[in-house]
Amino acid sequence: MDDALVRIEPWTDTDLALLRRVNTPEMKRHVGGPETEEQVLHRHRRYLGFVPAGVGCMFRIVLSETGEPVGTVGYAARTWQGEPVYEMGWNVLPLHQGRGIAVAATRAAVAAARTATRAAAGHRYLHAFPSVDNPASNAVCRKAGFSLVGETDFEFPAGRLMRSNDWRVDLPAAEA
């Protein structure tokens, strides 16, 4: 897919409906299953607070031609192995999977994180932690320019360890 066929737009209050659409057993099977309504509302409030708090940015993924929202992508600050980093994640609705949308949106979100890092002297690395059992998300990392660091135990959601691949982008490095 041509990266110009999708765009990312900052998360707004109207994106709660999209968050509910990605909260299905199919979409959440690699990350502990669907969340309760209370958890979804909490996640939505967190996403809205990322930019004002200066800790990251969440985006909705939209098709450029129609403006239809088809997924989510974003990054947020966390500590990983004692260092401040950004963590990235994404979701693309099932009808739109397998078309390169996640790769294009992830590339755009990495570029946004690079810009934010330059502007604020932010974190050096951006990581993604897809399950080792999730070939599609690992392929997104590979195609979007991440480097594989190795396998690790990663806690997500809170209280649940999963075996993940640790993929990383060096944000200050020149774009490939």
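Because the structure is predicted, anything quoted here is derived from the model rather than measured.

Trainee: An account of the overall build of the protein is needed here, citing residue identities and associated values.
Mentor: The helix and strand tally for the protein stands at five helices and seven strands. Against the 2.2 N^0.38 benchmark of 16 Å for 176 residues, the protein shows a C-alpha radius of gyration of 15 Å, consistent with a compact globule. Taken along the three principal axes of its C-alpha coordinates, the protein extends 35 × 35 × 30 Å. Looking at the 176 residues of the protein, the share that counts as buried comes to 45%. Here the analysis covers contacts within the protein between residues at least 6 apart in sequence; of these, 62% occur between residues at least 24 apart.

Trainee: If you had to explain the nonpolar core to someone new, which residues and values would you point to?
Mentor: Ranked by size, the top nonpolar core spans 30 residues in total, and within it Ile-61, Val-73, Tyr-75, Met-88, Trp-90, Leu-126 and Phe-146 carry the most contacts. If you list the elements that add at least two residues to this core, you get strand 1 (6–10), strand 2 (56–63), strand 3 (69–80), strand 4 (83–92), helix 4 (101–120), strand 5 (125–128), helix 5 (135–143) and strand 7 (161–170). Sort the elements by how many residues they give to this core and helix 4 lands first, with eight residues. The residues touching Trp-90, leaving out its near neighbours within four places in the chain, are Thr-72, Val-73, Ala-102, Thr-106, Ala-128, Ser-137, Val-140 and Cys-141. Among the nonpolar cores identified, the runner-up in size contains 12 residues, and Leu-16, Leu-19, Met-27 and Phe-50 belong to it.

Trainee: Please give an account of the packing of aromatic side chains that cites residues and values.
Mentor: Counting across every chain of the model gives six aromatic pairs. Seen in terms of ring centroids, Tyr-75 and Tyr-86 are 4.9 Å apart; in terms of plane orientation they differ by 75 degrees. Their pairing is edge-to-face. Of the two residues, Tyr-75 sits in strand 3 while Tyr-86 sits in strand 4, which places them 11 residues apart along the sequence. Taking the ring centre of Tyr-125 as reference, the NZ or CZ of Arg-168 above it sits at 4.0 Å.

Trainee: With reference to specific residues and values, describe the sheet that holds strand 3.
Mentor: The strands that make up a sheet pair up through hydrogen bonds in the backbone, lying either parallel or antiparallel. Strand order across the open sheet formed by seven strands is 1-2-3-4-5-7-6, with mixed pairing between neighbours. A single partner strand is all that each edge strand has here, and the edge strands are strand 1 and strand 6 (147–155). If you compare each strand with its neighbour and ignore which way they point, the axes differ by 30 degrees on average. Summarising the sheet, strand 6 and strand 7 pair through eight bridges and their orientation is antiparallel. Looking across to strand 7, one finds that Leu-148 is bridged to Trp-167. Helix 3 (residues 37–53) rests against strand 2 and strand 3 of the sheet, and its axis sits at about 120 degrees to strand 2. Across the face of the sheet, helix 5 comes into contact with strand 4, strand 5 and strand 7 while running at roughly 15 degrees to strand 7.

Trainee: Requested: an account of the state of the cysteines, with residues and values cited.
Mentor: By the definition in use, this model includes zero disulfides. Free of any disulfide, Cys-57 has its nearest cysteine sulfur in Cys-141, 19 Å distant. Judged by relative accessible area, which is 10%, Cys-57 ranks as buried. We classify Cys-141 as buried; its relative accessible area is 0%.

Trainee: Explain unusual backbone geometry residue by residue, including any values.
Mentor: Positive phi is not limited to glycine here, since Gln-81 has a value of about 50 degrees. Inspection of the secondary structure assignment puts Gln-81 in the loop between strand 3 and strand 4.

Calculation notes
- Residues numbered from 1 in each chain as written.
- Predicted model: local features only at pLDDT ≥ 70, side-chain atom pairs only at ≥ 80, totals over all residues.
- Heavy atoms only, no water.
- Helix = DSSP H or I, 4+ residues; strand = E, 2+ residues; numbered from the N terminus.
- Rg over C-alpha atoms; globule rule 2.2 N^0.38 Å.
- Buried < 20%, exposed > 50% of the residue type's maximum accessible area, 1.4 Å probe, protein only.
- Contact = heavy atoms within 4.5 Å.
- Core = buried A, V, L, I, M, F, W, Y, C linked by side-chain atoms within 4.5 Å.
- Phe/Tyr/Trp six-rings, centres within 6.5 Å; stacked < 30°, edge-to-face > 60°.
- Lys NZ or Arg CZ within 6 Å of the ring centre and 35° of its normal.
- Pairing = 2+ DSSP bridges.
- Axes fitted to C-alpha atoms, helices over the stretch in contact; angles between N-to-C directions.
- Disulfide = S-S within 2.5 Å.

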